Structure formats: C-alpha cells, structure tokens
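# Inside the fold
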Amino acid sequence: MTHRALRDDRRDFPGTPVDVPGRDAVPGRGELLELLCLTAAAGVFVLFVLRPEVSEGLAHALAARAAVFVG
C-alpha cells in the first residue's frame, strides 16, 4: 500500500486554491465561463454551417496575413 505524506508547510504550494488550506473555492465561477465559451463555439459552428463563405473569407484573410509575415 502506498503512503502519501503531506507537507506541513504549504505557503508556497503550487497547487490550485482548492488544495490550499484556509482558502475556499468560489463555486460557480467556472460554470459561467464554460457556458459562454460553449455558446460562442456553437454560434461559430452554426455560422460556418449556414454561411460557408464566412469560412472561405476567414481562410483568405489568414492566408493574406501569413503572406505579409513571409514576404
């Protein structure tokens, strides 16, 4: 059986705030950010499906920018 020893001094603990004693995590903070990102990703997906010329325009713009950096 593996024994895991915990350090007593955790002032310089590199983990998340949840792992640090005496610090409470704020529940619900990540869920809103996740919802916003998923909504944005779904919107972009729908835009690319309904308007394929948007993806062509984006590819053209990226290629033009890359050409500026190369030449």
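Before going into details, it helps to say that this report is about the structure given with it. (Residues numbered from 1 in each chain as written. Predicted model: local features only at pLDDT ≥ 70, side-chain atom pairs only at ≥ 80, totals over all residues. Heavy atoms only, no water.)

### Topic: the overall build of the chain
The line we're drawing: Only DSSP runs of H or I reaching four residues or more are called helices, and only runs of E reaching two or more are called strands; each is numbered from the N terminus. Surface accessibility follows the Shrake-Rupley procedure with a 1.4 Å probe radius. Residue values consider only the protein chains on display as shielding.
The helix and strand inventory of the chain stands at two helices and zero strands. Roughly 6,800 Å² of accessible area belongs to the chain as shown, and the carbon and sulfur atoms make up 65% of that amount.

### Overview of a nonpolar patch on the surface
Which entries qualify depends on this criterion: Residues qualify for a patch when their relative accessible area is over 30% and they have no salt bridge, like charges being joined within 9 Å and the nonpolar side chains of Val, Leu, Ile, Met, Phe, Trp and Tyr within 5 Å. A carboxyl oxygen of Asp or Glu within 4 Å of a side-chain nitrogen of Lys or Arg is what we treat as a salt bridge. Buried, partly exposed and exposed residues are distinguished by accessible area as a fraction of the type maximum, computed with a 1.4 Å probe on protein chains only: under 20%, between the cut-offs, and over 50%, respectively.
Together, V44, L47, F48, V54, L58 and L62 make up a nonpolar patch on the protein surface, roughly 480 Å² of accessible area in all. For the nonpolar patch, the secondary structure elements donating two or more residues are helix 1 (29–50) and helix 2 (52–70). Mapped onto the elements, F48 comes out in helix 1. Classification of F48 by relative accessible area gives partly exposed; the value is 32%.

### Points about the pattern of salt bridges
Applying the stated criterion across every chain, the model contains one salt bridge. Taking the shortest distance from any N to any O, the salt bridge between E53 and R51 comes out at 2.7 Å.

Note that all results are geometric; they support no functional claim without further evidence.
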